[in-house]
Amino acid sequence: MTKPDHRTEPGEPTFEGVLVKLAKTGTDFSNSEIAALSLASPEDKQLFARYWAEMAEPRKAQVLGRMLELAEEDANLDFSPLYHILLEDPLAPVRAGAVQGLWENEDPSLIRRFIPLMENDPDAGVRAAAAQGLGQFVLMAEHGKLRREIRDQLLEKLLAVFGNSEEKDEVRRRALESVSFLSCPEVRQAILDSYDSPDPFVRGSALFAAGRNLDPGWLDMLLDELSSDNPEHRYEAVVACGEYEDELAVPQLIRLTLDADVEVKMAAITALGKIGGAEAKQHLRDLTESDDSAVAEMAVQALNDMVTDDEVMDLLADENGPVQGG
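Going along each chain's sequence as written, the residues are numbered from 1 onward. Where totals are concerned, whole chains, interfaces and linings use all residues; where local detail is concerned, this predicted model gives features only for residues with pLDDT of at least 70, and gives and counts side-chain atom pairs only at 80 or more. Hydrogens and water molecules were not included; the side-chain quantities draw on all heavy atoms of the structure.

Asks: In this structure, what is going on with the environment of Asp152? I would like to understand it.
Replies: Secondary structure elements are taken from DSSP: a helix is a run of H or I of four residues or more, a strand is a run of E of two residues or more, and numbering for both begins at the N terminus. Tracing the backbone through its elements, the reader meets Asp152 in helix H10 (residues 148-162). With 50 residues separating them in the primary sequence, Asp152 and Leu102 have C-alpha atoms 22 Å apart.

This is the structure:
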């Protein structure tokens, strides 16, 4: 007797039916058919591995790309069981895509998969993706959600990659960005070393890392970089200042809402919404009247986020009495 497919809704494509269609290069497939691959069972995974091995390289890229797009658009779709299989694919773009698909998966067992990929994969793109994917686990470790020995392992492995002068800069940068969540002297020194680099991309990673590290000692550096001639550095400094939520940055961020670089301009508006305060709020209100519809829309969103934060503070004050300052 044939085992029924675990999806039994009338009209829904079956898991194996979708795989049969995907295996035929040149045939079109729909989003609903790709969605049918979500939440694969152990039996589904075996089927997927068998059919995937027979797919042509362009077809693999096409299918994986659609999986990543749909998962980004719909949080209910979960292709994680299949991404685990794709981590072993002979094609580097497939391995890198699988790692990317698992970036938001908080299963600590992935640490044992990502570290070897970061250290040993023959493709630098895969190594960089794996280093980047470890960042969420570093953040979990910093918040005490992982055992101390796991935190220490992540610190050791990521700093070793960052310190390897023979490694590609992209991989070293991603390792630094991931380890930067940790509050410790070794990480601070690594950020300083990157900031001293003559390479503008490495320097940009140092600013990004400072925004994750949230050590108050970085604030002066970030405020200085708000006036950088390099728009990427200005952008990273703006985003980082938003994370620090320090009103010292507000005057410069107001100036940067007129920046020639669109990404810097939009990031400055968002950062003002995160920081808040009377001066930031008034400027955002002014920007809602901008002739630039994108600027006006972003200002409205920033104000909405600010109002939400204010409401939370008011609620806390109502429940517990006045909120005490630092």
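Asks: How do you make sense of the layout of surface pockets when you look at a structure like this?
Replies: Over the atoms a probe the size of a water molecule is rolled, and this reveals where empty space is left. In the cavity and pocket records, a cavity denotes points on a 1 Å grid over the protein atoms alone where a 1.4 Å probe fits but cannot get out, a pocket denotes an open set with protein on both sides within 12 Å along at least 5 of 7 lines, and lining residues are residues with an atom within 4 Å of a point. Grid points are joined across faces, edges and corners, and a volume is the space filled by probe spheres set on the points. A volume near 700 Å³ is recorded for the largest pocket. Lining the largest pocket are 24 residues, and of these Gln100, Gly101, Trp103, Glu104 and Asn105 lie nearest its centre. Within the residue set of the lining of the largest pocket, elements represented by two or more residues are helix H4 (57-73), helix H5 (80-86), helix H6 (92-101), helix H8 (124-133) and helix H9 (135-142). In terms of residue count, the dominant contributor to the lining of the largest pocket is H9 (4 residues).

Asks: What am I meant to see in the packing of helix H7 (residues 110-120) against H8 here?
Replies: Direction vectors running N to C along H7 and H8 enclose 140°, while the axes themselves pass 7 Å from each other. Taken together, the axes of H7 and H8 lie oblique to each other. The handedness of the crossing between H7 and H8 comes out as left-handed. Facing H7, whose interface residues are Phe114, Leu117, Met118 and Glu119, H8 presents Val126, Arg127, Ala130, Ala131 and Gly133. Amino acids are sorted into nonpolar (Ala, Val, Leu, Ile, Met, Phe, Trp, Tyr, Cys and Pro), charged (Asp, Glu, Lys and Arg) and polar (every other residue, Gly among them). Residues belonging to the contact of H7 with H8 are distributed by class as follows: 6 nonpolar, 1 polar and 2 charged. Axis angles are defined between N-to-C directions and span 0 to 180 degrees, where every axis is a line fitted to C-alpha atoms and, for a helix, only to the segment in contact. When describing relative orientation, an angle under 35 degrees is termed roughly parallel and one over 145 degrees roughly antiparallel, while 65 to 115 degrees is termed roughly perpendicular and anything else oblique. Crossing handedness is defined as follows: a turn of the near helix away from the far one that is anticlockwise and smaller than a right angle gives a left-handed crossing, while the clockwise case is right-handed. The contact criterion used throughout is that any non-hydrogen atoms of two residues lie within 4.5 Å.

Asks: Honestly, the packing of helix H13 (residues 200-213) against helix H15 (residues 231-244) in this entry has me stumped. Any pointers?
Replies: The angle between the axes and the distance between the axes are what describe a pair of packed helices. Close contact between H13 and H15 brings their axes to 8 Å; oriented N to C, the two are set at 5°. For the element pair H13 / H15, the angle class is roughly parallel. Contact residues: Pro200, Phe201, Arg203, Gly204, Leu207, Phe208, Ala210, Gly211 and Asn213 in H13; Glu232, His233, Glu236, Ala240, Glu243 and Tyr244 in H15. Counted by class, the contact of H13 with H15 contains 7 nonpolar, 4 polar and 4 charged residues.

Asks: It is not clear to me how the packing of aromatic side chains should be interpreted in this structure. Could you clarify?
Replies: In this description, a pair of aromatic rings is defined by centroid distance and the angle of the planes. Here the aromatic set is Phe, Tyr and Trp, taking the six-membered ring for Trp, and pairing holds for ring centres within 6.5 Å; pairs whose planes are under 30 degrees apart are stacked, those over 60 apart are edge-to-face, and all others are tilted. By the definition in use, this model includes 2 aromatic pairs. Measuring from centroid to centroid gives 6.3 Å for Phe79 and Tyr83, while their planes differ by 65°, and the two rings are edge-to-face. Here Phe79 and Tyr83 have matching classes, each one buried. Placement of a charge over a ring requires the Lys NZ or Arg CZ to be within 6 Å of the ring centre, with the centre-to-atom vector within 35 degrees of the ring normal. The residue whose ring lies beneath Arg172 is Phe162, and the NZ or CZ to ring-centre distance is 5.1 Å. For the exposure calls, accessible area comes from a 1.4 Å probe over protein chains only, and a residue counts as buried if that area is under 20% of its type's maximum, exposed if over 50%, partly exposed in between.

Asks: Explanation requested: unusual backbone geometry in the structure shown.
Replies: Where the residue is not glycine, phi is negative for most of them; where a peptide bond is considered, it is trans in most cases. One non-glycine residue, Leu39, lies in positive phi territory at about 55°. Within the fold, Leu39 resides in the loop between helix H2 (31-35) and helix H3 (42-53). In this structure Leu39 comes out as exposed when scored by relative accessible area, which is 55%. Its identity as a non-glycine residue notwithstanding, Glu245 has a phi of 55°, on the positive side. As for its position among the elements, Glu245 is in the loop between H15 and helix H16 (250-256).

Asks: Looking at this model, I keep getting lost on the pattern of salt bridges. Mind explaining?
Replies: Note that side chains of opposite charge can pair when their charged atoms are close. Salt bridge, as used here: a side-chain nitrogen of Lys or Arg that lies within 4 Å of a carboxyl oxygen of Asp or Glu. Applying the stated rule across the entire model yields 18 salt bridges. The partner of Glu177 in a salt bridge is Arg174, and the shortest N-O contact between them spans 2.9 Å. Here Arg174 and Glu177 lie together in helix H11 (residues 169-179), a separation of 3 residues that amounts to about one turn. An identical accessibility class is assigned to Glu177 and Arg174; each is buried. With a shortest N-O distance of 2.7 Å, Lys274 and Glu243 are connected by a salt bridge. Taken together, the residues Lys274 in helix H17 (residues 262-275) and Glu243 in helix H15 connect sequence positions 31 residues apart. By relative accessible area, Glu243 is classed as partly exposed at 37%. One salt-bridge network, held together by shared partners, links Glu170, Arg173, Arg174 and Glu177.

Asks: In this structure, what is going on with the environment of Glu149? I would like to understand it.
Replies: With respect to the helices and strands, the residue Glu149 is situated in helix H10. Once the C-alpha coordinates of Glu149 and Val238 are considered, the two residues, 89 residues apart in sequence, prove to be 34 Å apart.

Asks: Sorry if this is basic, but what is going on with H6 here?
Replies: An α-helical turn contains 3.6 residues, so any two residues separated by three or four positions project in the same direction. Counting buried residues along H6, 7 of its 10 residues qualify, which places the element largely inside the surrounding structure. Turning to H6, its buried residues are Ala92, Val94, Arg95, Ala96, Gly97, Ala98 and Val99. Where H6 is buried, its residues touch H3, H4, H5, H7 and H8.

Asks: Help me understand the side chain of Lys60, please; the structure alone is not making it clear to me.
Replies: Along the polypeptide, Lys60 turns up in helix H4. Look at Lys60 and you get buried, because its relative accessible area is 6%.

Asks: What's the story with H4 in this structure? I'm lost.
Replies: Working rule for helices: expected span equals 1.5 Å times residues minus one. Here H4 contains 17 residues, and its C-alpha end-to-end distance of 25 Å stays within 8% of the 24 Å for a straight helix at 1.5 Å per residue. By the burial criterion, the buried members of H4 are Arg59, Lys60, Val63, Leu64, Met67, Leu68 and Leu70. On its buried face, H4 is in contact with helix H1 (15-22), H2, H3, H5 and H6.

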